[in-house]
Amino acid sequence: MLQAITTRLQSNLSSKENADIIVTMSMNEINLYSIADDEDGFPRFYRMQVRIGFSYIDKNGNARNYNNIGIYDFSVEGQSTVTDEKRFIAINQASLQAI
């Protein structure tokens, strides 16, 4: 996540005391949806959607708050449920999209 943030902002991380901008992120919402079923009616494709809140304060005290949504679609490849590993990967990928 830190690499995604520094790439997206095109800047380096520093201590809070030396920072020109302080960005605080919070994961506000995580949703998992079934988006396609197989011929037997079992869910096979899912969509993970996350909403991340960002709070931005520059060294002059100017503040801005906003939210961004990231989406990641994936399949369960013959499994009947979403494993914890697939859920974690989906949350991570959707979060990277939100950043």
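Structure's up top.
An account of the accompanying structure is given in this report. None of these values were measured; they are calculated from a predicted model.

## Brief notes about the sheet that holds strand E2 (residues 43–58)
Across a sheet, strands are paired by hydrogen bonds formed along the backbone, either parallel or antiparallel in direction.
Argument step 1. In space, the three strands of this open sheet follow the order E1-E2-E3, with antiparallel pairing throughout. Among the strands making up the open sheet, the edge pair consists of strand E1 (21–37) and strand E3 (63–75). Going across the sheet, the axis of each strand differs from the next one's by a mean of 15°, ignoring polarity.
Argument step 2. Taken together, the 13 bridges between E2 and E3 define a ladder with antiparallel strand orientation. If you follow Tyr56 over to E3, its bridge partner there is Arg64.
Argument step 3. Helix H2 (residues 84–98) rests against E1, E2 and E3 of the sheet, and its axis sits at about 135° to E3.

## Describing H2
Argument step 1. End to end, H2 covers 21 Å across 15 residues, agreeing with the expected 21 Å (1.5 Å per residue, within 8%).
Argument step 2. Those residues of H2 not exposed but buried are Ala90, Ile91, Ala94, Ser95 and Ala98. Across the axial projection of H2, the buried residues extend over an arc of 130°, all falling on one side. Within H2, the exposed residues directed more than 90 degrees away from the buried face are Glu85, Phe88 and Gln97.
Argument step 3. In this structure, the buried side of H2 is in contact with E1, E2 and E3.

## Some remarks on the nonpolar core
Argument step 1. Counting residues in hydrophobic clusters, the biggest one holds 15 residues, and the most contacted among them are Tyr46, Met48, Val50, Ile52, Phe74, Val82 and Ile99.
Argument step 2. The set of elements that each furnish at least two residues to this core consists of helix H1 (2–9), E2 and H2.
Argument step 3. No other element matches the five residues that E2 contributes to this core.
Argument step 4. Apart from the residues lying within four places of it in its own chain, the contact partners of Val50 are Met27, Glu29, Ile30, Asn68, Ile69, Gly70, Ile91, Ala94, Ser95 and Ala98.

Conventions used here
- Residues numbered from 1 in each chain as written.
- Predicted model: local features only at pLDDT ≥ 70, side-chain atom pairs only at ≥ 80, totals over all residues.
- Heavy atoms only, no water.
- Pairing = 2+ DSSP bridges.
- Helix = DSSP H or I, 4+ residues; strand = E, 2+ residues; numbered from the N terminus.
- Axes fitted to C-alpha atoms, helices over the stretch in contact; angles between N-to-C directions.
- Contact = heavy atoms within 4.5 Å.
- Expected span 1.5 Å × (residues − 1).
- Buried < 20%, exposed > 50% of the residue type's maximum accessible area, 1.4 Å probe, protein only.
- Arc of directions from axis to C-beta.
- Core = buried A, V, L, I, M, F, W, Y, C linked by side-chain atoms within 4.5 Å.

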